[in-house]
Amino acid sequence: MATLNNITGALVIDGTAAFLNGAGLGAGEDRNKVVPKVFEEMVNGRREKVPYVSAQAWRRWLRNTSNEENNWTPSELQAIGVSKKGTTNKIATQLDPIAFPEDDLFGYMRSGGNDKSGAGDEEDEDETPTKTKAESVQRTSPFKCSVLKGIRGKRTLNVDEGFVHLKENTPLPYSTQFYAAHLEGFFNLEYYRLGQFDNLGSKQELASETVKQYADQLTNKPLGAKGTFKRFTLQNAEQSRKERAAGLLRGLAFLRGGAKQAAFGADVSPKVLILAGLECANPVFNNLFEGSGEMPSLKVSALKQIIDDYQSKLATPVYIGIREGYLQNEAEVKALSNDSTIVVGSPISVAQDFIKTHLTSTSNE
């Protein structure tokens, strides 16, 4: 079987009567209307507005849920730059992937410059000058994901009209645009990168102070023709990699978050969750859902084709978790289950099975 380098998958959430990611106020005369994020695509020759949740927004849901479900200490955002006016102009997390799983999984960045401002090499006229320079540190996120977009045939926009009633004078009207939609997205976790950090010249994944602080927990390997670059690896990288990937999947299975929950409460935990280990980093489980029936349907033929095409790259079976009664073609999907290639269960059970089988200290990759 192929090597488990990546964990890739897809999810669908039920956004019926929901407002999960806002875009501010409406334009023109609709300045008293709050609107969600939408984009436009061509459907049958006409433009159609598609509600979506940005990748940044649902990544934040996942970060928070993963921290909570695993009792991880959050890598809190902090001000690293202050202008002459005393206002924050640059922020970053703790930039510590050793102590904070969140930084290892989702990455971070600090631009080089003044150690007080985090600015670039050229001093900003609005920044307080300092004598020392902070080094640039950047770890691109091992977890990558798409937006959550409304499934075609399963997305409509609506308006909720409301009023604020006063003791005196006339009521003040306001309105909120919301959607009835089922939203799909896909993701890929570069599993092999967890616990591994490359310092490649101008691209430093670990700051010098971090390397010094954790010198007794890191091994380093020279990279490049002259060995001038370094790859730092946690001494317990295999165990840490499994624990952190398992924690992420646990957070994904119990996903929670979203805007306007008091007015448009929504359960954003996945109603469909697909998972598989791959040798390559292709997020292959994308655009797999359609909405021609009363509920969304999984494109079974497309899924089978993906499994056949990537059979040599699959490092695990394909796990398909579905909420009972959610999919239009539920019986067809359940019939896919077999002993070696496809495992079907609930979204939470397949995440737990994947963790138990592939991400425990006794599992064989």
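Keep in mind the model is a prediction, meaning the values are calculated, not measured.

A. Examining the packing of helix 4 (residues 237–253) against helix 7 (residues 347–358) more closely. At a closest axis distance of 9 Å, the pairing of helix 4 and helix 7 adopts a crossing angle of 175°. One way to sum up the angle between helix 4 and helix 7 is to call them roughly antiparallel. Contacts between helix 4 and helix 7 involve Lys242, Ala246, Leu249, Arg250 and Ala253 from the first element and Pro347, Ile348, Ala351, Phe354, Ile355 and His358 from the second. Partitioning the contact of helix 4 with helix 7 into residue classes produces 8 nonpolar, 1 polar and 2 charged.

B. Here's a closer look at the pairing of strand 15 (residues 196–200). Most of strand 15 is tucked away: 4 of the 5 residues are buried. Bridging between strand 15 and strand 18 (residues 229–234) involves 4 bridges; their strand directions are antiparallel. Opposite Gln196, over in strand 18, you have Thr233 as the bridge partner. Pairing of strand 15 with strand 16 (residues 203–204), which is carried by 2 bridges, proceeds in the antiparallel orientation. Within strand 16, the residue paired with Leu200 across the bridge is Lys203. Hairpin connection, strand 15 to strand 16: the antiparallel pair is bridged by 2 residues, and Gly201 has positive phi, about 65°.

C. Molecular detail of helix 5 (residues 300–309). What helix 5 keeps buried is the set Val300, Leu303, Ile306 and Ile307. Along the long axis of helix 5, the arc covered by the buried residues comes to 120°, so they all point the same way. Looking at helix 5, the residues exposed on the side facing more than 90 degrees away from the buried face are Ser301, Gln305, Asp308 and Asp309. Against strand 21 (297–298), strand 22 (318–322), helix 6 (330–334) and strand 23 (342–345) lie the buried residues of helix 5.

D. Region of interest: unusual backbone geometry. For Asn71, which is not glycine, the phi dihedral falls at a positive 55°. The residue Asn71 is located in the loop between helix 1 (55–70) and strand 6 (78–82) in this model. Accessibility expressed as a relative area gives 71% for Asn71, which makes it exposed. Phi angles above zero are rare outside glycine, and Leu95 is one such case at about 60°. Using a relative accessible area of 10% as the deciding quantity, one classes Leu95 as buried.

E. Focus on the pattern of salt bridges. Considering all chains together, one arrives at 22 salt bridges under this definition. Measuring nitrogen to oxygen at the nearest pair gives 2.8 Å for the salt bridge that ties Asp104 to Arg139. With a gap of 35 residues between them, Asp104 in helix 2 (residues 101–106) and Arg139 in strand 11 (residues 137–139) connect regions that are remote in the sequence. A single burial state applies to Asp104 and to Arg139, both of which are buried. Residues Asp267 and Lys271 are paired through a salt bridge, measuring 3.2 Å at the closest nitrogen-oxygen approach. On the basis of relative accessible area, Asp267 is assigned to the partly exposed category, the value being 41%. With relative accessibility at 5%, the residue Lys271 sits in the buried group.

F. Structural view of a nonpolar patch on the surface. A cluster of nonpolar side chains, namely Val164, Leu166, Leu172 and Tyr174, defines an oily patch on the protein surface of about 370 Å² accessible area. Topologically, Leu172 is positioned in strand 14 (residues 172–189). Take Leu172: its relative accessible area is 54%, and that puts it in the exposed class.

G. Local environment of the nonpolar core. The biggest cluster of nonpolar side chains holds 42 residues, and the ones touching the most others in it are Leu20 and Trp58. Secondary-structure elements contributing two or more residues to this core are strand 1 (6–18), helix 1, helix 2, strand 14, helix 4, strand 19 (272–278) and helix 7. The element best represented in this core is helix 4, accounting for 6 residues. In this structure, Trp58 is in contact with Leu11, Val53, Phe143, Cys145, Ser146, Val147, Leu148, Phe186, Phe187, Leu252 and Leu255, ignoring residues within four places of it in sequence.

Calculation criteria
Residues numbered from 1 in each chain as written. Predicted model: local features only at pLDDT ≥ 70, side-chain atom pairs only at ≥ 80, totals over all residues. Heavy atoms only, no water. Axes fitted to C-alpha atoms, helices over the stretch in contact; angles between N-to-C directions. Helix = DSSP H or I, 4+ residues; strand = E, 2+ residues; numbered from the N terminus. Parallel < 35°, antiparallel > 145°, perpendicular 65-115°, else oblique. Contact = heavy atoms within 4.5 Å. Nonpolar A, V, L, I, M, F, W, Y, C, P; charged D, E, K, R; others polar. Buried < 20%, exposed > 50% of the residue type's maximum accessible area, 1.4 Å probe, protein only. Pairing = 2+ DSSP bridges. Arc of directions from axis to C-beta. Salt bridge = Lys/Arg side-chain N within 4 Å of Asp/Glu carboxyl O. Patch = residues over 30% accessible without salt bridge, like charges linked within 9 Å, V, L, I, M, F, W, Y side chains within 5 Å. Areas by Shrake-Rupley, 256 points an atom, 1.4 Å probe, with all protein chains shown as cover. Core = buried A, V, L, I, M, F, W, Y, C linked by side-chain atoms within 4.5 Å.

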